[in-house]
Amino acid sequence: MGWKDEMRECARTLEDLGDRLQLDEGARSRMSEILERAPMAVPPYYLSLIDFDDPEDPIGRLAIPSLREEDQSGSLDTSGEADNTVAVGIQHKYRETVLMLSTNECAMYCRHCFRKRLVGLPDEGTARDLEAIEAYLLEHDEVTNVLVSGGDALMCSNERIDSILGMLAGIPHLDFIRIATRVPVTLPSRITTDGELRSILERRRAEKQIFMVTQFDHPREVTPEAAEAVGAVLGLGIPVRNQTVLLRGVNDDAEVLGSLFRKLTSIGAEPYYVFQCRPVSGVKSQFQVPLREGCRIVEGAKALQNGLGKSFRYCMSHVTGKIEILGELDGGRMAFRYHEAKDRADLGRLLVREVSDDQAWFD
Ligand code: SF4
């Protein structure tokens, strides 16, 4: 099946899920309210990975809405994205990096998404005006790279992707472009069945180095189809790096996370970051793992890797910067370091903080 057919057949309503979900009338109506706030989309391929006999199936938790989303504690902008927005859909938080929200669409609307304020909802915050973005970048020669994100950057049309990459390739002071996409995980056919997309990526990569950043969160997502998509991208000369979010009920186990990293390394998607789950409304209460526990899980997973599989960093994307979670110290303290910082004076700064057993974020 081609990817456009798959998108047409996405499960978007409770009816589309048929009798896979056992919900009484009251639960159905509560679930419908959740879907109005945070839409669902699950392509047939990803749906086939879910074990609906297991109500706590980790793949199901990533894709299928849950009544746990009714707990709206937390925030919809945990990393200060509004403050870093310099034009519609353009963020400039770290001196060298500009982030572009290319679309509000994704192949799948992940239940743990940290951009719930944007994805699948009426589009007001994405970057439409390429000329304005180009003008901004030309004025800011301190910017060395652009992260094309969303939503999912590969949900843009091929024509749009070509225009974006062409504009960025023409900015002389950019060293490289990153494309943030989860399609190798959720809709691998977007890559494997679309030769036009692959030739655009190959042609633009020849003009400016491109990296693909994806997000596998569980070893069962690393299927032959996903491996084929990653292999196809690597074959274009585009390195693939993976960012995993540490998630309760999905990968909060050293063996599971360790198995994920080994599988990723074996298909050439190098583990790059493990992100602490952000305190997002509807996400925080069901997915966040406390920092001390997270540290032990990540260290346990690291111990199962060879050198290449353990080159990732465990980080928290905080309003003040990307803070690496280094480890536990005695006396209830933990060590952290600024890997990226909004205020450059913080770059590389070590932090030692008392952290309680249930603490999962910094105020
Ligand atoms: S693909 Fe990324 S942006 Fe889209 S819903 Fe999933 S986590 Fe969010």
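Residues numbered from 1 in each chain as written. Predicted model: local features only at pLDDT ≥ 70, side-chain atom pairs only at ≥ 80, totals over all residues. Heavy atoms only, no water.

A. Representation of the pattern of salt bridges. Within the structure shown, the criterion is met by 28 salt bridges. For Glu 69, the salt bridge goes to Arg 111, with nearest N and O atoms at 2.9 Å. Taken as a pair, Glu 69 in the loop between helix H4 (58-63) and strand E1 (85-87) and Arg 111 in the loop between strand E3 (97-101) and helix H5 (130-139) lie far apart in primary sequence, 42 residues in all. The class of Glu 69 is buried, set by a relative accessible area of 2%. Arg 111 gets classed as buried once you look at its relative accessible area, which sits at 1%. Note that Glu 328 is salt-bridged to Arg 292, the shortest N-O span being 3.0 Å. Here Arg 292 lies in helix H13 (residues 291-302) and Glu 328 lies in strand E10 (residues 321-328), a separation of 36 residues in the sequence. (Salt bridge = Lys/Arg side-chain N within 4 Å of Asp/Glu carboxyl O. Helix = DSSP H or I, 4+ residues; strand = E, 2+ residues; numbered from the N terminus. Buried < 20%, exposed > 50% of the residue type's maximum accessible area, 1.4 Å probe, protein only.)

B. Focus on H13. The end-to-end C-alpha separation of H13 is 16 Å, in line with the 16 Å expected for twelve residues at 1.5 Å each. Within H13, the full set of buried residues consists of Leu 291, Arg 292, Gly 294, Cys 295, Ile 297, Val 298 and Ala 301. The inward-facing, buried residues of H13 abut strand E7 (240-246), helix H11 (254-267), strand E8 (269-276), strand E9 (313-318), E10 and strand E11 (333-341). (Expected span 1.5 Å × (residues − 1). Contact = heavy atoms within 4.5 Å.)

C. The arrangement of the environment of Leu 234 in detail. By the element assignment, Leu 234 lies in helix H10 (residues 224-234). On the basis of relative accessible area, Leu 234 is assigned to the partly exposed category, the value being 32%. A sequence separation of 23 residues divides Leu 234 from Phe 211, and the C-alpha atoms of the two residues are 9.5 Å apart. In this structure, Leu 234 is in contact with Pro 239, Val 240, Ile 267 and Gly 268, ignoring residues within four places of it in sequence.

D. Local environment of the site of the ligand. For the ligand, the full set of nearby residues is Cys 106, Met 108, Tyr 109, Cys 110, Cys 113, Val 119, Gly 151, Arg 182 and Gln 215. The residue makeup of the shell around the ligand, split by class, is six nonpolar, two polar and one charged. (Near = heavy atom within 4 Å. Nonpolar A, V, L, I, M, F, W, Y, C, P; charged D, E, K, R; others polar.)

On their own, these measurements won't tell you what the molecule is for.
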